[in-house]
Amino acid sequence: MAEETPKKSMSFLKASAIQFTSKYLNVALQLVLTAVLARLLTPEEYGVMAGITIFTSLFSILAEMGFGPAIIQFKQLKSEDYGGIFIFSIIIGTVIAIAFGLMGYPISWFFNDASYVPLCFLTVISVFFNAINMVPNGLLLKDKKFFTIGIRLVVTTLIGGVVAIIMAYNGFGTAALVWNLNIIAILVFIWNFISVRKQLSFHNLHILQSVHVVLRYSLYQAGYSIINYFSRNTDHLIIGRFFGSAPLGLYDKAYKLTSYPIQFVPGILGSVLQPYLSKYQDNKEKLFYYQMLLVRFLALAGCLFMFICVLCGDNIVYIMYGPQWSACVPLFIILACSIAFQMVMNVTGGILQSAGRTDLLFRQGLFATLIMLALVFIGGVGRNLSMLTICVSAAFFFQMFTVAYYTSVKAFEHGMKDFLLPVLRIIALSLLAAVPELIVRYVFHLYIPNAFANLLVYALIYTALFGVVFTLTGDLKELFRAIKRKA
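Asker: Explanation requested: the overall build of the protein in the structure shown.
Answerer: The secondary structure content of the protein amounts to 22 helices and 0 strands. Taking 2.2 N^0.38 as the reference for a compact globule, 487 residues should give roughly 23 Å; the C-alpha atoms of the protein span a radius of gyration of 22 Å, in line with that estimate. Referenced to the eigenvectors of the C-alpha coordinate spread, the extents of the protein come out at roughly 75 × 55 × 40 Å. A total of 487 residues make up the protein; the buried ones form 56% of that total. A separation of at least 24 residues holds for 83% of the contacts in the protein among residues at least 6 apart in sequence. Accessible area for the protein stands at about 20,500 Å²; split by element, carbon and sulfur atoms hold 70% of it. For the protein, the distance from the average site of its 34 positive side-chain charges to the average site of its 20 negative ones is 6 Å.

Okay, here's the thing in structure tokens:
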């Protein structure tokens, strides 16, 4: 039976360690692939791909409809239910894929670039396979098969990236990046489907009845995802529409660089949270304890990454993308100032899903999106890309207050200060540790000419100062003790 998942097959820490290892390898692989592709493609070509990705993200959300998390949360589902939802996903995926292909025309009008039409028709492949992957992927997560997921992640990224590099080298331009998406989507689906095939039954199907079981939960989840989409992509839409493809390419590469630490730490934890914490759905204190344990850890990790990026932003961009992307540096440094805030918010979905409160997740996402929309429009008025980027970074700070309210107050009946004070304290202490190097770097302009050496020296010194500060305050010792006790 599908509901008979392994009960003691893997601890939370072991699952996190597997995800950490696979994500580490995947991020390292992505960095190498990106460094090569950035030297083969122009900011304009990356800008067009960023425009396409804006809309593929929306259509993927529409196709997925929140069923993936619902499959994890509902323990009573049977193999016939999984089969019914899978057939439903094929129908939805077909409709969504056709719609996306036709959307190429209005998208090309929106960005004033005819190249979007054939590229959108080409991207239909990844849209369809991502849609029909929601059930197999949900089952893998529900069964805690993180080793399979980890191996799949690295292998598919490598194959897709190699194909993209070969195509880019041979002059395919943006199409090389589109085929990277297509190949990964196809391989991920095949891998997942083979892994869970025995859990899917296509006999005695009651498709609508199976869908109805999880509909309320999944619709709130889908609503949150759609709202979060606009929160995350309005800046790209405005830049692509009013600034052009080249500025969009520069902004998108800066944004992607800041997203790597977020993928690397909270992204790993977020992917394993719900399968483990959903059993505490009715224990608010337990869930709040785990949330704050995670928040404190993410605040520490986020501040470490944040200040290293602020100190060495020009070196990181040069190493990753090459000198032709120098205009990306100020945008990257501005966005890097929001890394810590983004990281502490990134597990909100997993926590509220585990609590069975996707309604609160929806509301939090709504208010967070309104904050982002307001600040992006303010930043876009002056047609100044740096000012818009500052507004985006500020929006992430203010969004943290919505997370504090809807998790600590509404879900777990604590005060906002119980969430905010530990985070703000860690940020203040991290800034204190960074002050000496900030003065040396930006007041006295002392740096080593070699980008690799400069990054290494500044990063090591800040890491040492960071470690000293939080060892003296006892934060690191207390955190490690709590993790060891609750493992």
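Asker: Would you explain the layout of surface pockets in this entry?
Answerer: It is a probe the size of a water molecule, rolled over the atoms, that shows where empty space is left. Considering only enclosed or pocket space, the second largest pocket measures out at about 660 Å³ in volume. Leu 31, Pro 261, Phe 305, Ile 316 and Leu 455 are, among the 18 residues lining the second largest pocket, the residues nearest its centre. Listed by contribution, the elements that provide at least two residues to the lining of the second largest pocket are helix H1 (12–38), helix H11 (245–264), helix H13 (284–311), helix H14 (313–321) and helix H21 (451–472). The residue inventory of the lining of the second largest pocket, partitioned by class, reads 18 nonpolar, no polar and no charged.

Asker: Where do I start with the pattern of salt bridges in this structure?
Answerer: Where charged atoms from two side chains of opposite charge approach closely, those side chains can pair. For the structure on display, the rule yields 7 salt bridges. A salt bridge links Arg 296 to Glu 478; its shortest N-O distance comes to 3.4 Å. Residue Arg 296 is located in helix H13, and its partner Glu 478 is located in helix H22 (residues 475–486); the two are separated by 182 residues in the primary sequence. Exposure remark for Glu 478: the relative accessible area of 40% places this residue in the partly exposed category. Across the salt bridge formed by Lys 417 and Asp 418, the nearest N and O atoms sit 3.6 Å from each other. With a relative accessible area of 28%, Asp 418 lands in the partly exposed category.

Asker: What is the right way to read the environment of Val 457 from this model?
Answerer: The topology assignment puts Val 457 in helix H21. Separated by 348 residues in the primary sequence, Val 457 and Trp 109 have C-alpha atoms spaced 48 Å apart.

Asker: I keep staring at the packing of aromatic side chains and nothing clicks. Help me out?
Answerer: Centre-to-centre distance and the angle between the planes together describe a pair of aromatic rings. In this structure the tally under the stated criterion is 24 aromatic pairs. On the basis of an interplanar angle of 25 degrees and a centroid distance of 5.0 Å, the ring pair of Phe 111 and Tyr 116 is categorised as stacked. Among the aromatic residues, those joined into a ring-pair cluster are Phe 86, Phe 128, Phe 129, Phe 189 and Phe 193.

Asker: Is there a simple way to think about the packing of helix H4 (residues 79–102) against helix H6 (residues 116–132) in this case?
Answerer: To characterise two packed helices, one gives the angle between the axes of the helices and the distance between these axes. Relative orientation of the contacting elements H4 and H6 amounts to 165 degrees, with a least axis distance of 8 Å. Classified by the angle their axes make, H4 and H6 are roughly antiparallel. Note on packing geometry: the crossing formed by H4 with H6 is right-handed. On the side of H4, the interface is formed by Phe 86, Ser 89, Ile 90, Gly 93, Thr 94, Ile 96, Ala 97, Phe 100, Gly 101 and Leu 102, while H6 contributes Cys 120, Phe 121, Thr 123, Val 124, Val 127, Phe 128, Ala 131 and Ile 132. Broken down by class, the residue content of the contact of H4 with H6 amounts to 13 nonpolar, 5 polar and no charged.

Asker: Sorry, what's going on with the packing of H4 against helix H5 (residues 104–111) here?
Answerer: Contact geometry of H4 with H5 gives a least axis separation of 4 Å together with a crossing angle of 40 degrees. Classified by the interaxial angle, the pair formed by H4 and H5 is oblique. Judged by residue contacts, Phe 100, Gly 101 and Leu 102 of H4 engage Gly 104, Tyr 105 and Pro 106 from H5.

Asker: Sorry if this is basic, but what is going on with a nonpolar patch on the surface here?
Answerer: Taken together, the side chains of Leu 431, Val 435, Ile 439, Val 440, Val 443, Phe 444 and Leu 446 make up a nonpolar region of the molecular surface, amounting to roughly 590 Å² of accessible area. Positionally, Leu 446 belongs in the loop between helix H20 (416–442) and H21.

Asker: Just to check I follow, could you spell out H21 for this structure?
Answerer: Helix length check: H21, at 22 residues, gives a terminal C-alpha distance of 32 Å against a target of 32 Å (1.5 Å per residue), a fit within 8%. All of the buried residues in H21 are Ala 451, Asn 454, Tyr 458, Ala 459, Tyr 462, Phe 466, Gly 467, Val 469 and Phe 470. Note on H21: the residue one or two positions beyond its end, Gly 474, has a positive phi of about 85 degrees.

Asker: Any chance you could explain the nonpolar core here in plain terms?
Answerer: One broad rule of soluble globular proteins: the nonpolar side chains tend to lie buried together. Core analysis: the biggest nonpolar cluster contains 147 residues, and Val 135 and Phe 419 have the highest contact counts within it. Tallying contributions element by element places H13 first for this core, with 17 residues. Here Phe 419 is in contact with Gln 291, Met 292, Val 295, Val 344, Met 400, Val 403, Ala 404, Thr 407 and Ser 408, once residues within four sequence places are set aside.

Asker: Please explain helix H10 (residues 207–242) as it appears in this structure.
Answerer: Residues separated by three or four positions in an α-helix point in the same direction, a consequence of the helix having 3.6 residues per turn. Taking 1.5 Å as the rise per residue, H10 with 36 residues should run 52 Å; its terminal C-alpha atoms sit only 44 Å apart, a clear shortfall. Within H10, the axis deviates most sharply at Leu 215, by approximately 60 degrees. Where H10 ends, the next residue or the one after it, Gly 244, has phi of about 110 degrees, a positive value.

Asker: For this particular structure, what's the right way to read the state of the cysteines?
Answerer: Disulfides are covalent bonds that link the sulfur atoms of two cysteine residues. Taken as a whole, this structure holds 0 disulfides when the rule is applied. We note that Cys 328 lacks a disulfide partner, and the nearest cysteine sulfur, in Cys 309, lies 12 Å from it. Looking at Cys 328, the relative accessible area reads 0%, which means it is buried.

Asker: Looking at this structure, I do not really get the side chain of Gln 364. What am I missing?
Answerer: By secondary structure assignment, the location of Gln 364 is in helix H18 (residues 358–381). Looking at Gln 364, the relative accessible area reads 5%, which means it is buried. When near neighbours in sequence (up to four residues on either side) are disregarded, Gln 364 contacts Tyr 224, Thr 348, Gln 399, Thr 402, Val 403 and Tyr 406.

Asker: Got a minute to help me understand the confidence of the model for the protein in this structure?
Answerer: A low pLDDT score tells you not to read the predicted coordinates there in detail. Averaged over all residues, the pLDDT of the protein equals 86, while 91% of them reach at least 70. Confidence scores differ between elements of the protein, with helix H12 (residues 266–277) showing the lowest mean pLDDT of 55 and helix H15 (residues 329–336) the highest of 96. Predicted confidence for residues 1–9 stays below pLDDT 50, and this span has 14 contacts to residues more than four positions away or in other chains.

Conventions we followed
- Residues numbered from 1 in each chain as written.
- Predicted model: local features only at pLDDT ≥ 70, side-chain atom pairs only at ≥ 80, totals over all residues.
- Heavy atoms only, no water.
- Helix = DSSP H or I, 4+ residues; strand = E, 2+ residues; numbered from the N terminus.
- Rg over C-alpha atoms; globule rule 2.2 N^0.38 Å.
- Buried < 20%, exposed > 50% of the residue type's maximum accessible area, 1.4 Å probe, protein only.
- Contact = heavy atoms within 4.5 Å.
- Areas by Shrake-Rupley, 256 points an atom, 1.4 Å probe, with all protein chains shown as cover.
- Lys, Arg positive; Asp, Glu negative; His and termini not counted.
- Charge placed at Lys NZ, Arg CZ, Asp CG, Glu CD.
- 1 Å grid on protein atoms, 1.4 Å probe; cavity = no way out; pocket = protein on both sides within 12 Å on 5 of 7 lines; lining within 4 Å.
- Points joined across faces, edges and corners; volume = space filled by probe spheres on them.
- Nonpolar A, V, L, I, M, F, W, Y, C, P; charged D, E, K, R; others polar.
- Salt bridge = Lys/Arg side-chain N within 4 Å of Asp/Glu carboxyl O.
- Phe/Tyr/Trp six-rings, centres within 6.5 Å; stacked < 30°, edge-to-face > 60°.
- Axes fitted to C-alpha atoms, helices over the stretch in contact; angles between N-to-C directions.
- Parallel < 35°, antiparallel > 145°, perpendicular 65-115°, else oblique.
- Left-handed = near helix turned anticlockwise from the far one by under 90°.
- Patch = residues over 30% accessible without salt bridge, like charges linked within 9 Å, V, L, I, M, F, W, Y side chains within 5 Å.
- Expected span 1.5 Å × (residues − 1).
- Core = buried A, V, L, I, M, F, W, Y, C linked by side-chain atoms within 4.5 Å.
- Bend = angle between axes of the 7 residues up to and from the residue.
- Disulfide = S-S within 2.5 Å.
- pLDDT = per-residue confidence, 0-100.

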